[in-house]
Amino acid sequence: MCVEEENIVNYATNVLQNPDLALRMAVRSNLAGAEEIFARKFNTLFAQGSYSEAAKVAASAPKVCLHVRHIVEFAHLNTHQVYCQEI
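Each value, and the rule that gives it
- Residues numbered from 1 in each chain as written.
- Predicted model: local features only at pLDDT ≥ 70, side-chain atom pairs only at ≥ 80, totals over all residues.
- Heavy atoms only, no water.
- Helix = DSSP H or I, 4+ residues; strand = E, 2+ residues; numbered from the N terminus.
- Patch = residues over 30% accessible without salt bridge, like charges linked within 9 Å, V, L, I, M, F, W, Y side chains within 5 Å.
- Areas by Shrake-Rupley, 256 points an atom, 1.4 Å probe, with all protein chains shown as cover.
- Salt bridge = Lys/Arg side-chain N within 4 Å of Asp/Glu carboxyl O.
- Axes fitted to C-alpha atoms, helices over the stretch in contact; angles between N-to-C directions.
- Parallel < 35°, antiparallel > 145°, perpendicular 65-115°, else oblique.
- Left-handed = near helix turned anticlockwise from the far one by under 90°.
- Contact = heavy atoms within 4.5 Å.
- Nonpolar A, V, L, I, M, F, W, Y, C, P; charged D, E, K, R; others polar.
- Expected span 1.5 Å × (residues − 1).
- Buried < 20%, exposed > 50% of the residue type's maximum accessible area, 1.4 Å probe, protein only.
- Arc of directions from axis to C-beta.

For Phe42, the position within the fold is in helix H3 (residues 35-47). Here the alpha-carbon distance between Phe42 and Ala58, two residues 16 residues apart in the chain, equals 6.8 Å.

See the structure below:
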């Protein structure tokens, strides 16, 4: 039996309709294909103010699908916007 690694995450997400399983498999096996799931989860957690949880998602992302530079820029821009709104 041959498993195509690049299709596992997509299969779990779309065929099995289980993005949480796809996410866990991607983390555990360092699989590509979960970029959108990780980005969506990161953005949701960050928007909710769950910064430590968002950071954990980013840290667990396989194959650098959430680039550190992007996260830092995103966090800086959003923190600046929140700060400016409070003034």
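After that view of the structure, there is still more to cover.
With that out of the way, let us pick up a nonpolar patch on the surface. A surface patch of nonpolar side chains, about 300 Å² in accessible area, is lined by Tyr11, Val15 and Leu16. Of note, Val15 is situated in helix H1 (residues 5-15).

One pass over the structure, following the stated rule, counts two salt bridges. Here Glu36 and Arg40 are joined by a salt bridge, their closest N and O atoms 4.0 Å apart. Remark: Arg40 and Glu36 occur in helix H3; sequence separation between them is four residues, near one turn of the helix. With its nearest N and O atoms 3.2 Å apart, the salt bridge here joins Lys56 to Glu53. Here Lys56 and its partner Glu53 are both found in helix H4 (residues 51-60), three residues apart, which amounts to about one turn of the helix.

A pair of packed helices is characterised by two quantities: the angle between their axes and the separation of those axes. One way to put it is that H3 packs onto H4 with a least axis distance of 8 Å and a crossing angle of 165 degrees. Considering the angle they form, H3 stands roughly antiparallel to H4. Along this stretch, H3 crosses H4, giving a crossing that reads as left-handed. Judged by residue contacts, Phe38, Lys41, Phe42, Leu45 and Phe46 of H3 engage Tyr51, Glu53, Ala54, Val57, Ala58 and Ser60 from H4. Considered class by class, the residues forming the contact of H3 with H4 number eight nonpolar, one polar and two charged.

Before going further, it helps to spend a moment on H3. In this model H3 runs 18 Å from its N-terminal to its C-terminal C-alpha over 13 residues, within 8% of the 18 Å that 1.5 Å per residue would give. Of the residues making up H3, those classed as buried are Ile37, Phe38, Phe42, Leu45 and Phe46. Buried residues of H3, seen end-on, are gathered within an arc of 155 degrees and therefore sit on one face of the element. Turned more than 90 degrees off the buried face of H3, the exposed positions are Glu36 and Ala47. Gly49, located one to two residues past H3, shows a positive phi value of around 85 degrees.

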